[in-house]
Amino acid sequence: MKSPLSVAAALVPVSALAAETPAESYTWGHPMMWGWGWSGMIFGPLFMILVLAVVIAVAVLIVRSLGGPWYGAAPPHYSPPGRTPLDILKERFARGEIDKDEFEDRRRVLGE
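Calculation notes
- Residues numbered from 1 in each chain as written.
- Predicted model: local features only at pLDDT ≥ 70, side-chain atom pairs only at ≥ 80, totals over all residues.
- Heavy atoms only, no water.
- Helix = DSSP H or I, 4+ residues; strand = E, 2+ residues; numbered from the N terminus.
- Buried < 20%, exposed > 50% of the residue type's maximum accessible area, 1.4 Å probe, protein only.
- Areas by Shrake-Rupley, 256 points an atom, 1.4 Å probe, with all protein chains shown as cover.
- Salt bridge = Lys/Arg side-chain N within 4 Å of Asp/Glu carboxyl O.
- Phe/Tyr/Trp six-rings, centres within 6.5 Å; stacked < 30°, edge-to-face > 60°.
- Axes fitted to C-alpha atoms, helices over the stretch in contact; angles between N-to-C directions.
- Parallel < 35°, antiparallel > 145°, perpendicular 65-115°, else oblique.
- Contact = heavy atoms within 4.5 Å.
- Nonpolar A, V, L, I, M, F, W, Y, C, P; charged D, E, K, R; others polar.
- Expected span 1.5 Å × (residues − 1).

Each helix and strand in the chain was counted, giving 5 helices and 0 strands. By the burial criterion, 4% of the 112 residues in the chain qualify as buried. By element, 70% of the accessible surface of the chain is carried by carbon and sulfur atoms, the whole surface being about 10,100 Å².

Below, the structure written as structure tokens:
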């Protein structure tokens, strides 16, 4: 066990260094809150929200780029260019989906 004298001797140089430091090093300085009052503290939460929004936006962009194109709830059903309603009607007649009478009636409705 160490003697109290050796402990005191070990602490003397530390206390001597602390006594030699200038008094200005213990002042509060000029932090944001003390200089601007409480209004300066609004920037901390705003910056946190901004950083969080940027992180979420980057995550969404990464997920969307990895997921491929997005077409909404249902893919659009467009006929390829150049196909007219009469072409579709002719295809249905050729496949046997409609008979000759229905084909003639629908062709008259289309006006051709």
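Tallying each qualifying case throughout the model produces 7 salt bridges. Note that Arg95 and Glu91 form a salt bridge whose closest N and O atoms lie 4.0 Å from each other. Of this pair, Arg95 and Glu91 both sit in helix α4 (residues 85-95), 4 residues apart, roughly one helical turn. Look at Glu91 and you get partly exposed, because its relative accessible area is 33%. Among the salt bridges present, the one from Arg107 reaches Glu104, with a minimum N-O distance of 2.5 Å. Placement of both Arg107 and Glu104 in helix α5 (residues 100-110) is noted, with a separation of 3 residues, approximately one turn of the helix. Using a relative accessible area of 30% as the deciding quantity, one classes Arg107 as partly exposed. On the accessibility criterion, Glu104 (23% relative accessible area) is partly exposed. Three or more residues joined by partner-sharing salt bridges are found here, namely Arg83, Glu91, Arg92, Arg95 and Glu97.

A few words on the packing of aromatic side chains. This structure, assessed with the given rule, holds 1 aromatic pair. Pairing Phe93 with Phe103 gives two aromatic rings, centres 4.8 Å apart and planes at 25°, and the pair type is stacked. Of this pair, Phe93 sits in helix α4 while Phe103 is found in helix α5, placing the two residues 10 residues apart along the sequence. Judged by relative accessible area, Phe103 falls into the buried class, the value being 9%.

Residue position: Lys90 is located in helix α4. For Lys90, a relative accessible area of 44% puts it in the partly exposed group. Separated by 17 residues in the primary sequence, Lys90 and Arg107 place their C-alpha atoms 9.2 Å from one another.

Next up on the list: the packing of α4 against α5. Packing of α4 against α5 leaves a shortest axis separation of 10 Å and a crossing angle of 180°. Put simply, α4 runs roughly antiparallel to α5. Judged by residue contacts, Pro85, Leu86, Leu89, Lys90, Arg92 and Phe93 of α4 engage Lys100, Phe103, Arg106, Arg107 and Leu110 from α5. For the contact of α4 with α5, a count of residues per class yields 6 nonpolar, no polar and 5 charged.

If you check helix α3 (residues 43-67), its first and last C-alpha atoms are 36 Å apart, about what 25 residues at 1.5 Å a residue would give, namely 36 Å. One or two residues past the end of α3 sits Gly68, with phi positive at roughly 90°.

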